[in-house]
Amino acid sequence: QVRLVESGGGLVQPGGSLRLSCAASGMNFSGYVMGWYRQPPGKQRELVAHITSGGSTDYVESVKGRFTISRDNAKNTVSLQMNSLKLEDTAVYYCRRGYPNFDRRFIQIPGDSWGQGTQVTVSS
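The residue count restarts for each chain, going from 1 along the sequence in the order it is written. Thresholds applied to this predicted model are a pLDDT of at least 70 for local features of residues and 80 or more for the giving and counting of side-chain atom pairs; totals over whole chains, interfaces and linings are not thresholded and use all residues. Water and hydrogen atoms play no part in the side-chain values, which are based on all heavy atoms of the structure.

**Q** Can you walk me through the overall build of the protein in this structure?
**A** Numbering of helices and strands runs from the N terminus; a helix is a DSSP stretch of H or I covering at least four residues, while a strand is a stretch of E covering at least two. Scanning the protein from N- to C-terminus turns up 0 helices and 11 strands. Ordered by position from the N terminus, the helices and strands of the protein form the series β-β-β-β-β-β-β-β-β-β-β. For this measure, only C-alpha atoms enter the radius of gyration; the expected value for a globule follows 2.2 Å times N^0.38, where N is the number of residues. Taking 14 Å as the expected radius of gyration for a compact globule of 124 residues, we find that the protein reaches 14 Å, a close match to that expectation. Across its three principal axes, the protein shows a C-alpha extent of roughly 40 × 25 × 25 Å. Only protein chains enter the calculation, and the probe is 1.4 Å; a residue is then buried if its accessible area is under 20% of its type maximum, exposed if over 50%, and partly exposed in between. Put simply, the protein has 124 residues, and 40% of those count as buried. Here, residues are in contact when the closest pair of their heavy atoms is within 4.5 Å. Pairs at least 24 residues apart make up 57% of the contacts formed inside the protein by residues separated by at least 6 positions. Summed over all atoms, the accessible surface of the protein reaches about 6,700 Å², with 46% contributed by carbon and sulfur. Residue-level accessible areas treat just the shown protein chains as cover; the underlying method is Shrake-Rupley with a 1.4 Å probe.

This is the structure we're talking about:
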């Protein structure tokens with residue numbers, strides 16, 4: 001009964017900001033790497049950012065310097081602060097858990113289902 005519930009999406013103008021949140025339950029939250037994926041309309045889903053339990057982060061090149069991933073292990077939440085948003089950031093954003101590893105990678109768990117995600121629309 002692992003559950004990951006995304007929230008915080010909405011409509012924003014280019015250059016604006018949004019903060020996404022993901023609430024996790026039914027899992028040992030601190031035992032997993034957590035990541036944010038996104039799927040733009042008509043395009044492939046991609047990993048945007050991920051964070052280890054200890055706070056080490058990694059980002060896809062297109063969002064470096066603009067997005068910040070963080071987590072609160074006490075509250076079982078992971079967030080994505082998105083600044084300087086661009087039209088191409090428009091997508092459904094999903095929270096995902098991954099296996100811990102020592103190679104600075106995000107390894108998702110294939111058996112996990114995808115949640116509803118939260119829609120981010122950047123439009124002028």
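**Q** Teacher, can you tell me more about the nonpolar core here?
**A** In a soluble, globular protein the nonpolar side chains are often hidden away together inside. Counting 26 residues, the largest nonpolar core has W36, F67, V78, L80, M82 and Y93 as the members making the most contacts within it. Elements supplying a minimum of two residues to this core: β3 (18–25), β4 (33–39), β5 (46–51), β7 (67–72), β8 (77–82), β9 (91–99) and β11 (118–122). Aside from chain neighbours lying at most four places away, what touches M82 is G16, S17, L18, L20, R66, F67, Y93 and V120. Definition used in this section: a nonpolar core is a set of buried Ala, Val, Leu, Ile, Met, Phe, Trp, Tyr and Cys residues joined via side-chain atoms within 4.5 Å. Residues V33, Y37, V92 and F106 belong to the second largest nonpolar core, which totals 5 residues.

**Q** Would you mind showing me how to read the environment of P110 here?
**A** Assignment of secondary structure puts P110 in the loop between β10 (107–108) and β11. Classification of P110 as exposed rests on a relative accessible area of 75%. Residues P110 and K75, 35 residues apart in the sequence, show an inter-C-alpha distance of 25 Å.

**Q** Looking at this model, I keep getting lost on the sheet that holds strand β1 (residues 3–7). Mind explaining?
**A** Through backbone hydrogen bonds, the strands of a sheet pair up, either in parallel or in antiparallel fashion. Strand pairing is assigned whenever DSSP detects at least two bridges linking the two strands. One open sheet holds the 4 strands; their spatial order is β1-β3-β8-β7, and the pairing between them is antiparallel. Both edges of this open sheet fall to β1 and β7, since each of them pairs with a single strand only. Shown here is a sheet whose adjacent strand axes are inclined to one another by a mean of 15 degrees, direction ignored. Here β7 runs beside β8; their pairing, made up of 6 bridges, is antiparallel. What sits directly across from S70, in β8, is S79. Helix axes are fitted only over the stretch in contact, all axes being lines through C-alpha atoms; the angle between N-to-C directions runs from 0 to 180 degrees.

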